[in-house]
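Take a look at the letters that make up each chain.
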Amino acid sequence: MLKSPIPIRRPLRRALRRLKLGASATRHTLVGRPEVWQLKRDFQIAFLRAQGLAPDDRFLDIGCGTLRGGIPVIEHLHAGRYTGLEVRAEVIAEAWRELEAAGLEHKDPRLIQNSDFDALGLDHRVDVAWAFSVLFHMTDEIAGAAISFVGRHLAPQGRCFANVCLGEAPDGSWQGFPVVTRPLRFYEQLAETAGLTVTPLGRLDELGHPAHLPDASQVMLEMTPRKA
Ligand SMILES: C[S@@+](CC[C@H](N)C(=O)[O-])C[C@H]1O[C@@H](n2cnc3c(N)ncnc32)[C@H](O)[C@@H]1O
């Protein structure tokens, strides 16, 4: 006689879960070290909430990656308020999978593959622009184009937050992107050209980021439209 199907189903379910976990662990490596993935997710939403991100805000996530930071933000926002930009097509594909796994398709986010900020235009202004661990992975030219893009799309009362590595050091590399350290003056000049003012808000560890990680010494910049 056949045994109950339960003992068969359980290992199958476990194997499927392992497969799924394996897939998401691989996905997590696309945006950084998997062991800090959850900390980076938690920091992003905690910071943005502390800055007063409102459910009705129009939100732009520059370099959204696989939605490590994006998922809790999408959850917090009303439907249709989130736009993510990402340069790598395979990463956007994983971002859609992450959205599906989180059951948040009904929030109707827009994910755009973008490789040229100068050629891109959104059909709306944004209240909050966010570039988490992104600006320092850009060449100087692309960082300039990204900040100009922010200047063209921020609402008059809008704010952009971006963490950067301040100082002077030789460029490094990560997954085919540079890792750059630049003096504050560099970002001030790019912002000035884009009609924005820069205010350093502090080191990440002063803003709730776990202090034991080396990234804690990065500085969060706020960019806002320059007042006339
Ligand atoms: C360290 S990951 C951070 C991803 C996301 N912000 C997060 O915190 O999970 C940096 C991301 O920026 C993306 N990126 C780099 N240059 C870009 C560009 N020019 N335009 C859009 N995305 C870019 C990379 O592909 C990568 O997914």
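Bear in mind the structure is a predicted one, so any value in this text is a computation, not a measurement.

Draft legend 1. Inspection of the overall build of the chain at higher detail. When helices and strands are tallied, the chain shows six helices and nine strands. Compactness check: the chain gives a C-alpha radius of gyration of 19 Å against a globular reference of 17 Å for 228 residues, within 12% of the reference. Partitioning the intrachain contacts of the chain with sequence separation of at least 6 by distance along the chain shows that 65% fall at a separation of at least 24.

Draft legend 2. Summary view of the sheet that holds strand β9 (residues 219–225). Strand order in the open sheet formed by seven strands is β3-β2-β1-β4-β5-β9-β8, with mixed pairing between adjacent strands. Looking at the sheet topology across the chains shown, the edges are occupied by β3 (110–113) and β8 (196–203). Taking each pair of neighbouring strands and ignoring which way they run, the sheet shows an average axis angle of 20°. Pairing geometry for strand β5 (residues 154–164) and β9, over five bridges, is antiparallel. Paired with Phe161 across the two strands is Glu222, which belongs to β9. Sitting on the sheet, helix α4 (residues 89–101) is in contact with β2 (82–86) and β3, with an inclination near 165° to β3.

Draft legend 3. Highlighting the environment of Ala46. As for its placement among the helices and strands, Ala46 is situated in helix α2 (residues 37–50). Owing to 14 C-beta atoms within 10 Å, Ala46 belongs among the partly exposed residues under this scheme. Measuring from C-alpha to C-alpha, the distance between Ala46 and Gln175 comes to 27 Å, with 129 residues separating the pair along the chain.

Draft legend 4. Just α4, in detail. With 13 residues, α4 extends 19 Å from end C-alpha to end C-alpha; this agrees with the ideal 18 Å at 1.5 Å per step. Within α4, the full set of buried residues consists of Val91, Ile92, Glu94, Ala95, Glu98 and Leu99. Viewed end-on, α4 has its buried residues packed into an arc of 160°, placing them on one side of the element. In α4, the exposed positions that point more than 90 degrees away from the buried face belong to Ala89, Glu90 and Glu100. Positive phi shows up at Gly103, right after α4, with a value of about 65°.

Draft legend 5. Molecular detail of the nonpolar core. Counting residues in each nonpolar core, the largest one holds 53 residues, and the members touching the most others are Ala129, Trp130, Leu135, Ala146 and Val150. Residues contacting Trp130, with those up to four places away along its chain left out, are Leu48, Phe59, Leu60, Asp61, Ile62 and Phe161.

Draft legend 6. Focus on helix α5 (residues 140–153). Relative to the 20 Å expected for 14 residues at 1.5 Å per residue, α5 spans 20 Å between its end C-alpha atoms, a close match to the ideal helical length. Burial in α5 covers these residues: Ala143, Gly144, Ala146, Ile147, Phe149, Val150 and Gly151. The elements touched by buried residues of α5 are β1 (59–62), β4 (126–131), β5, α6 (184–193), β8 and β9.

Draft legend 7. Quick peek at the site of the ligand. By nearness alone, 21 residues border the ligand, and Gly63, Gly65, Arg68, Val87 and Ser133 come closest of all. Here the residues of the shell around the ligand sort into 10 nonpolar, seven polar and four charged.

Draft legend 8. Representation of the environment of Phe149 in the model. Within the fold, Phe149 resides in helix α5. The exposure class assigned to Phe149 is buried, which follows from the 23 C-beta atoms found within 10 Å. Setting aside residues up to four positions removed in sequence, Phe149 forms contacts with Phe117 and Leu120.

Definitions and cut-offs
Residues numbered from 1 in each chain as written. Predicted model: local features only at pLDDT ≥ 70, side-chain atom pairs only at ≥ 80, totals over all residues. Helix = DSSP H or I, 4+ residues; strand = E, 2+ residues; numbered from the N terminus. Rg over C-alpha atoms; globule rule 2.2 N^0.38 Å. Contact = placed C-beta atoms within 7 Å. Pairing = 2+ DSSP bridges. Axes fitted to C-alpha atoms, helices over the stretch in contact; angles between N-to-C directions. Buried ≥ 20, exposed ≤ 12 C-beta atoms within 10 Å, placed from the backbone. Expected span 1.5 Å × (residues − 1). Arc of directions from axis to C-beta. Core = buried A, V, L, I, M, F, W, Y, C linked by C-beta atoms within 7 Å. Near = placed C-beta within 6 Å. Nonpolar A, V, L, I, M, F, W, Y, C, P; charged D, E, K, R; others polar.

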